[in-house]
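Coordinate analysis (summary)
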Amino acid sequence: MLDESLQYMLRNDLYDFSVDSNKMDTSFTTYISDYDAPFIFSEWKGNSEDILTTLHELGHFTNYYHNAEAGYSASDSLDLAEIDSQALVLLMIDYYDSFFGKLADEAEADVLIDAMYSLISGCMEDEFQQTIYKNPDMTLDEINALYKDLAVEYGLDEVYGYEGTEWVLISHTFQTPLYYISYAVSMVPALELFELSQSDEAAAKSTYFSILMRAPYASFKEVLEQNGLSSVFLDSTIQRIAAIVDQST
């Protein structure tokens, strides 16, 4: 399924991976209804991040190609959509030698650390967004202080250092409020699929493609249950996910 969608994309030039100072600094996959075809737009940086971004967007592209009725439906769960992308990046780890050569091990460690960051920062950004949208009269100083305090509470300030003004760089806060939590929620099943792939690659791929081919309007909980994946709302699940990342890095 993945090779079919990839070949279709390459054959029909359904991508823009060019480097251009006039391009929007972002990456996304959309669906061109008049052509019944998905399209990837990406502003490349000229570094290894381009590879991971392409794999991420290829997950969305493959879902749109095989199952546009569900994948591109406005009602499709964002939590499910981000499994499409984030799980593919993790499932491709065994092929990183082809992409990164002698730096494959470092790339794998970086991806798994980024997975943990997505879990933590997704929850932090969501708490931040919920607070500021519930309190529209907050001053700029109050918003900055809140962001700094949350970074400390979530342990990110200790690792990255925060001034409290970094929230302005999160475009989702302005364009798609309360989207960011989907990166955290979807990362849990994505890491479960990664763990499964280390012992049974065929089963992991089968489960991944089953998720891609979900029914229109299917709920996040329903799809996870149908595919034998754990609830993201159980402490035991989160503890297991943390152990997966810890052991793998």
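Residues numbered from 1 in each chain as written. Predicted model: local features only at pLDDT ≥ 70, side-chain atom pairs only at ≥ 80, totals over all residues. Heavy atoms only, no water.

1. Observations concerning the overall build of the protein chain
Helix and strand counts for the protein chain stand at twelve helices and three strands. Relative to the globule expectation of 18 Å for 249 residues, the C-alpha radius of gyration of the protein chain, 18 Å, shows essentially globular dimensions. If one aligns the C-alpha atoms of the protein chain with their principal axes, the spans along those axes are about 50 × 45 × 40 Å. Counting over 249 residues, the protein chain shows a buried share of 46%. (Helix = DSSP H or I, 4+ residues; strand = E, 2+ residues; numbered from the N terminus. Rg over C-alpha atoms; globule rule 2.2 N^0.38 Å. Buried < 20%, exposed > 50% of the residue type's maximum accessible area, 1.4 Å probe, protein only.)

2. Points about unusual backbone geometry
The backbone of aspartate 36 shows a phi angle near 50 degrees, a positive value even though the residue is not glycine. With respect to the helices and strands, aspartate 36 occurs in the loop between β2 (27–32) and β3 (37–42). Looking at aspartate 36, the relative accessible area reads 56%, which means it is exposed. Although it is not a glycine, leucine 178 adopts a positive phi angle of roughly 70 degrees. Among the secondary structure elements, leucine 178 is positioned in the loop between α8 (172–175) and α9 (181–199).

3. A word on the pairing of β2
Two strands pair when backbone bridges link them, and β2 and β3 are joined in this way by six bridges, in the antiparallel orientation. Paired with threonine 29 across the bridge in β3 is isoleucine 40. The turn linking β2 back onto β3 is made up of four residues, and aspartate 36 within it adopts a positive phi angle of 50 degrees. (Pairing = 2+ DSSP bridges.)

4. Overview of the confidence of the model for the protein chain
When pLDDT is averaged along the protein chain, the result is 92, and 98% of the positions lie at 70 or above. By mean pLDDT, the top-scoring element of the protein chain is helix α6 (residues 140–153) (98), and the lowest-scoring one is helix α12 (residues 235–248) (83). (pLDDT = per-residue confidence, 0-100.)

5. Side note on the environment of glycine 155
Its place among the elements puts glycine 155 in the loop between α6 and α7 (156–160). Spatially, the C-alpha atom of glycine 155 lies 32 Å from that of aspartate 97, the residues being 58 residues apart in sequence.

6. Some words on the sheet that holds β2
Spatial strand order, β1-β3-β2: three strands in an open sheet with mixed pairing. Looking at the sheet topology across the chains shown, the edges are occupied by β1 (15–16) and β2. In terms of strand pairing, β1 meets β3 through two bridges, oriented parallel. The residue bridging aspartate 16 from the neighbouring strand is phenylalanine 41, located in β3.

7. Examining the packing of α9 against helix α10 (residues 201–212)
Interaxial distance between α9 and α10 falls to 6 Å at its minimum, and their mutual angle equals 150 degrees. Residues Leu193, Leu196, Ser197 and Ser199 of α9 touch α10, and the partners they reach there are Glu201, Ala203, Ala204, Thr207, Tyr208 and Ile211. Here the contact of α9 with α10 is composed, by residue class, of six nonpolar, three polar and one charged. (Axes fitted to C-alpha atoms, helices over the stretch in contact; angles between N-to-C directions. Contact = heavy atoms within 4.5 Å. Nonpolar A, V, L, I, M, F, W, Y, C, P; charged D, E, K, R; others polar.)

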